[in-house]
Amino acid sequence: MTKRKTEEGAQFVRYFGPLLDALRKLGGSGTPDEVIEQIAIDLELSDEAQNDLLPSGQPRFRNQVAWARFYLVREGLLDSSRRGVWSLTERGRSTSLTHEQAREVFLRWVKIFQAQRRAKSATAEPIAEQVAEGTGALSKDYRAETIDLLLGLPPSGFERLSQRLLREAGFIQVVVTGQSGDGGIDGHGTLQINPLVSFKVLFQCKRYTKSVSPSHVRDFRGAMAGRADKGIIITTGSFTAEARREASRDGVPPIELIDGEKLVDMLENLELGLRPVTTYELDHSFFSEFQG
């Protein structure tokens, strides 16, 4: 692979600096949604740019920001925790990156990954090279396989999986009503905050490979009017920027949005259908300081 091809393929490098800047504005940490929204605001990205999809159905912008985080974690500028919060390390708090500096970080890690690949067997997963060639995602990892499996479930099966997921997340009296044609409502449950406070929640399940539009959010809110305190839309796909704004619009019942990425995150955290496996890889950057 030529150096030029590597540079052209790594479109996500443009988000290295803005990602660090966004986290500083958020006080050093934030959820992925908060960080991505802050970057979009800072860069004045259009809804069209935010809604652009990869062939896999993932939003390109969100995917590229996630890859930027991957490299910044490797560089030691972001914490590697996967508990749903992105945060700056001590180095990250005091580091700003120009585009040229970001490109240097990326190319340095491409060389490290290539050295790792040469040291491994021919079956090793070529992470850096896949990204550098512009695929934007791993060709086939467990997250993609999980989404593929979910898309292959029958509607009733996906509804029952959502029911199980909500129960495991702390909901009680979770009932699936999806077969009743209840105006887009697939089920309801109760979230017990404490012995004295609880919320009735309605949920909708969508096995999508595309983005859920704001009209879907409005239709769902209309169906739940006067019947619940909160709504949840669970999809294997994604949500457009307009849909996200509609879900949190002031003056109307809030709707929580669980896209494919969050759905897999929940399955991971609850260890439902996904078994954790511990492994190790060599950190060449750690040993590099002892080479001289």
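Residues numbered from 1 in each chain as written. Predicted model: local features only at pLDDT ≥ 70, side-chain atom pairs only at ≥ 80, totals over all residues. Heavy atoms only, no water.

Quick look at the packing of aromatic side chains
Then, number 1: Applying the stated rule across the entire model yields 12 aromatic pairs.
Then, number 2: Ring geometry for phenylalanine 12 and tyrosine 71: centres 5.5 Å apart, planes at 25 degrees, overall stacked. A residue pair is termed long-range when its members are at least 10 positions apart, and phenylalanine 12 in the loop between α1 (3-9) and α2 (16-25) and tyrosine 71 in helix α5 (residues 60-74) qualify at 59 residues.
Then, number 3: In this structure phenylalanine 12 comes out as buried when scored by relative accessible area, which is 3%.
Then, number 4: Tyrosine 71 sits in the buried class, given a relative accessible area of 0%.
Then, number 5: With a centroid separation of 5.9 Å and an interplanar angle of 75 degrees, the aromatic rings of tyrosine 71 and phenylalanine 113 are classed as edge-to-face. Linking tyrosine 71 in helix α5 with phenylalanine 113 in helix α7 (residues 99-119), this pair joins segments that are 42 residues apart in sequence. (Phe/Tyr/Trp six-rings, centres within 6.5 Å; stacked < 30°, edge-to-face > 60°. Helix = DSSP H or I, 4+ residues; strand = E, 2+ residues; numbered from the N terminus. Buried < 20%, exposed > 50% of the residue type's maximum accessible area, 1.4 Å probe, protein only.)

Some words on the nonpolar core
Then, number 1: Formed by 33 residues in total, the largest nonpolar core has its most connected members in Phe12, Phe16, Leu19, Ile39, Tyr71, Leu72 and Phe106.
Then, number 2: If you list the elements that add at least two residues to this core, you get α2, α3 (32-42), α5 and α7.
Then, number 3: Here the element with the most residues in this core is α7; it accounts for 8 residues.
Then, number 4: Among the nonpolar cores identified, the runner-up in size contains 18 residues, and Ile147, Leu166, Ile234 and Leu263 belong to it. (Core = buried A, V, L, I, M, F, W, Y, C linked by side-chain atoms within 4.5 Å.)

Let's talk about unusual backbone geometry
Then, number 1: One non-glycine residue, glutamate 44, adopts positive backbone phi at about 55 degrees.
Then, number 2: Non-glycine residue glutamine 173 carries a positive phi angle of around 50 degrees.
Then, number 3: Residue position: glutamine 173 is located in strand β3 (residues 171-176).
Then, number 4: Judged by its relative accessible area of 60%, glutamine 173 falls in the exposed class.

Digging into the packing of helix α9 (residues 142-151) against helix α13 (residues 260-270)
Then, number 1: Taken N-terminus to C-terminus, the directions of α9 and α13 make an angle of 105 degrees; their axes are 10 Å apart at the nearest point. Classified by the angle between their axes, α9 and α13 sit roughly perpendicular to one another. Only Gly260, Glu261, Leu263, Val264, Asp265, Leu267 and Glu268 of α13 make contact with α9, whose side of the interface consists of Tyr142, Arg143, Thr146, Ile147 and Leu150.
Then, number 2: Residue classes in the contact of α9 with α13 are distributed as 6 nonpolar, 2 polar and 4 charged. (Axes fitted to C-alpha atoms, helices over the stretch in contact; angles between N-to-C directions. Parallel < 35°, antiparallel > 145°, perpendicular 65-115°, else oblique. Contact = heavy atoms within 4.5 Å. Nonpolar A, V, L, I, M, F, W, Y, C, P; charged D, E, K, R; others polar.)

As for the sheet that holds strand β4 (residues 187-194)
Then, number 1: The sheet built from 5 strands is open, its strands ordered β3-β4-β5-β7-β9 with mixed pairing. Both edges of this open sheet fall to β3 and β9 (255-258), since each of them pairs with a single strand only. Looking at each pair of strands side by side, their axes are set apart by 20 degrees on average, direction ignored.
Then, number 2: Bridge count between β3 and β4: 4 bridges; the pairing is antiparallel. Bridged to valine 175 within β4 is histidine 188. (Pairing = 2+ DSSP bridges.)

Considering the confidence of the model for the protein
Then, number 1: Taken residue by residue, the protein gives an average pLDDT of 84. The fraction at 70 or more is 87%.
Then, number 2: Put simply, helix α8 (residues 127-132) is where the protein has its lowest mean pLDDT, 42, and α2 is where it has its highest, 95.
Then, number 3: Under a pLDDT of 50 for its full length, residues 4-8 has, in the predicted model, 9 contacts with residues more than four places off or in other chains.
Then, number 4: pLDDT under 50 marks residues 122-140. Its contacts with residues more than four places away, or in other chains, come to 39 contacts. (pLDDT = per-residue confidence, 0-100.)

Quick look at the packing of α3 against α5
In a packed pair of helices, the relevant descriptors are the angle between the two axes and the axis-to-axis distance.
Then, number 1: α5 packs onto α3 with a crossing angle of 110 degrees between their chain directions and a minimal axis gap of 11 Å. Comparing the axis directions of α3 and α5 gives the class roughly perpendicular. Residues Asp33, Ile36, Ile39 and Ala40 of α3 lie in contact with α5, whose contacting residues are Phe61, Arg62 and Val65.

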